[in-house]
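A structural walkthrough
Chain by chain, the residues run as shown.
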Amino acid sequence: MKLIKATRREFSFLMDREEKLSLFKLLEMYPLIPAAYQRLSKSDDRLENQQLLEEALSEQRRENKKKIAALFTSGSAFREQEEGCIFTLRASRVDWLLQVLNDVNVGSWLILGSPEQPRKMATPLTPKTAPFFWASNLSGHFQFALIQAMSGEADGVKE
Amino acid sequence: MAETVTPEVLPDVKPVDKTEERSRIEPGYLVVCWNDPVNSIEFVIYVFQRVFGWSKAKATRHTLQVHEQGKSVLTRASLEQAEHYVHQLQKFSLHATMERD
């Protein structure tokens, strides 16, 4: 995924077809983190506040799933070209996509047993674990491209 | 004839729990980010910048502290502010909690 155009309002990335398919597969896996994974506090477990947090996170997941469905059906977000596909993302949506991708990244890592070295194949690769190892690694690839775009660090791109 | 005096009924007033009230506004909570091996350093720096509006240098300092020391206290805040920050960090799936100071 290569940033080819950046304005204040949106970013355009060139992706090959495999990358587009991979991104779609990752988004289809969302959400992976269990609802009760996040704790408000380690020392002060007030049930009411914890419940509020879980409700807020659940609501956020519902909204994210709607946005993912909208992205899949959007005619303007992905434009097929000869050399691949142009993915256009509004700048205001970058944080949202990073959140979704990192849920898949962290959720996959949890499913793999929270290995100390997530990028190494500590867990035996089986048909059951392989998709999560793939997802954890690949989501990092897309996250890196998005962060570079937001930081203005991608090479040779003019506003 | 003596006037009938209607007893005055005062509305129930729930006593204000001053401790609870104070904890909502006083910066008595620490927002802590804990280390995990799955989030990249670049990602954590980015999230700290977005959530707290920090410079890259400050976000990097805290990220390296998380990485090297296992945790970093990101800010001291009131109950409501701390809840807000923790929620924002958890939206990015970072391991963040709030602890009483």
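Heads up: the structure comes first, above all this text.
These remarks concern the structure in this document. (Residues numbered from 1 in each chain as written. Chains lettered and ligands numbered in written order. Predicted model: local features only at pLDDT ≥ 70, side-chain atom pairs only at ≥ 80, totals over all residues.)

Quick word on the overall build of chain A
Formally: Going along the chain from the N terminus, every DSSP run of H or I of four or more residues is numbered as a helix, and every run of E of two or more is numbered as a strand. We call a residue exposed when 12 or fewer other C-beta atoms sit within 10 Å of its C-beta, buried when the count reaches 20 or more, and partly exposed for counts in between; the C-beta positions come from the backbone. In this description, any two residues whose backbone-derived C-beta atoms lie within 7 Å of each other are considered to be in contact.
Looking only at helices and strands, one finds four helices and four strands in chain A. Listed by position from the N terminus, the elements making up chain A come as β-β-α-α-β-β-α-α. Burial status across chain A gives 25% buried among its 159 residues. Taking contacts inside chain A between residues at least 6 apart in sequence as the whole, the part at least 24 apart equals 66%.

Comments concerning unusual backbone geometry
Trans peptide bonds make up the majority, and among non-glycine residues the majority have a negative phi. A cis geometry characterises the amide bond from Tyr 30 of chain A onward to Pro 31 of chain A, with omega recorded as -5°. When you line up the elements, Pro 31 of chain A lands in the loop between α1 (17-29) and α2 (47-73).

Here's the deal with the nonpolar core
Our working rule: By our criterion, buried Ala, Val, Leu, Ile, Met, Phe, Trp, Tyr and Cys residues that link up through C-beta atoms within 7 Å make up a nonpolar core.
If you look at the biggest cluster of nonpolar residues, it comprises 50 residues, and the most contacted ones within it are Val 31, Val 47, Val 86 and Leu 89 of chain B. Apart from residues lying up to four places away in sequence, Val 31 of chain B is in contact with Leu 74, Thr 75, Ala 77, Ala 82, Tyr 85, Val 86, Ala 96 and Met 98 of chain B.

Some remarks on helix α4 (residues 79-91) of chain B
All names here are of chain B. What counts, and what does not: A helix is expected to reach a length of 1.5 Å times the quantity of its residues less one.
Compared with an ideal rise of 1.5 Å per residue, which puts 13 residues at 18 Å, α4 spans 18 Å between its outermost C-alpha atoms and is within 8% of the ideal. The set of residues buried in α4 consists of Ala 82, Glu 83, Tyr 85, Val 86, Leu 89, Gln 90 and Lys 91. Looking one or two places after α4, you find Ser 93, whose phi comes out positive at around 65°.

Looking at the packing of helix α4 (residues 130-151) of chain A against helix α2 (residues 41-52) of chain B
Threshold: Inter-axis angles, ranging from 0 to 180 degrees, are taken between N-to-C directions of lines fitted to C-alpha atoms, where helices are fitted over the stretch in contact. For this classification, under 35 degrees means roughly parallel, over 145 means roughly antiparallel, 65 to 115 means roughly perpendicular, and everything else is oblique. Crossing chirality is assigned from the near helix's rotation relative to the far helix, an anticlockwise turn below a right angle marking it left-handed and a clockwise turn marking it right-handed. Each residue gets one of three labels, nonpolar for Ala, Val, Leu, Ile, Met, Phe, Trp, Tyr, Cys and Pro, charged for Asp, Glu, Lys and Arg, and polar for the others, Gly among them.
Look at α4 of chain A against α2 of chain B: their axes get within 10 Å of each other, and the N-to-C directions meet at 45°. Of the possible angle classes, the one that applies to α4 of chain A and α2 of chain B is oblique. As α4 of chain A packs across α2 of chain B, the resulting crossing turns out to be left-handed. Residue-level inspection shows Gln 143, Phe 144 and Ile 147 of chain A of α4 of chain A in contact with α2 of chain B, the latter providing Glu 42, Phe 43 and Tyr 46 of chain B. Residue composition of the contact of α4 of chain A with α2 of chain B, grouped by class: four nonpolar, one polar and one charged.

Quick notes on the sheet that holds strand β1 (residues 2-6) of chain A
All names here are of chain A. Definition in use: DSSP bridges decide pairing: two strands pair if at least two such bridges lie between them.
Pairing is antiparallel across the open sheet formed by four strands, whose spatial order is β1-β2-β4-β3. This sheet does not close on itself; its edge strands, each paired only once, are β1 and β3 (78-81). The average undirected angle you get between the axes of adjacent strands in this sheet is 25°. Relative to strand β4 (residues 84-90), strand β2 (residues 10-15) runs antiparallel, the two sharing six bridges. What sits directly across from Glu 10, in β4, is Arg 90.

Here we look at the packing of α2 of chain B against helix α3 (residues 56-69) of chain B
Residues and elements named next belong to chain B. Look at α2 against α3: their axes get within 8 Å of each other, and the N-to-C directions meet at 130°. Compared by their axis directions, α2 and α3 come out oblique. You can see that α2 and α3 cross each other, and the crossing is right-handed. Packed against α2, whose contacting residues are Ile 41, Val 44, Ile 45, Phe 48 and Gln 49, the element α3 presents Lys 56, Ala 59, Thr 60, His 62, Thr 63, Val 66 and His 67 at the interface. The residue inventory of the contact of α2 with α3, partitioned by class, reads six nonpolar, five polar and one charged.

Here we look at the interface of chain B and chain A
Each side of the interface is counted separately: chain B has 17 residues, and chain A has 27 residues. If you list the elements that add at least two residues to the side of chain B that touches chain A, you get α2, α4 and β3 (96-100) of chain B. Partitioning the side of chain B that touches chain A into residue classes produces seven nonpolar, five polar and five charged.

A word on the sheet that holds strand β2 (residues 71-77) of chain B
Residue and element names in this part refer to chain B. The strand order across the open sheet formed by three strands is β2-β1-β3, and the pairing between neighbours is antiparallel. Single-partner strands in this sheet number two, and they are β2 and β3. The sheet shows a mean angle of 30° between the axes of neighbouring strands, taken without regard to direction. Here five bridges tie strand β1 (residues 29-34) to β3, and the two strands are oriented antiparallel to one another. If you follow Cys 33 over to β3, its bridge partner there is Ala 96. Along the sheet face, α3 touches β1 and β2 and points at about 130° away from the line of β2. Contacts between α4 and the sheet are confined to β1, β2 and β3, with β3 contributing the most and set at about 160° to the helix.

Take it as geometry only, folks, not as evidence of what the structure does.
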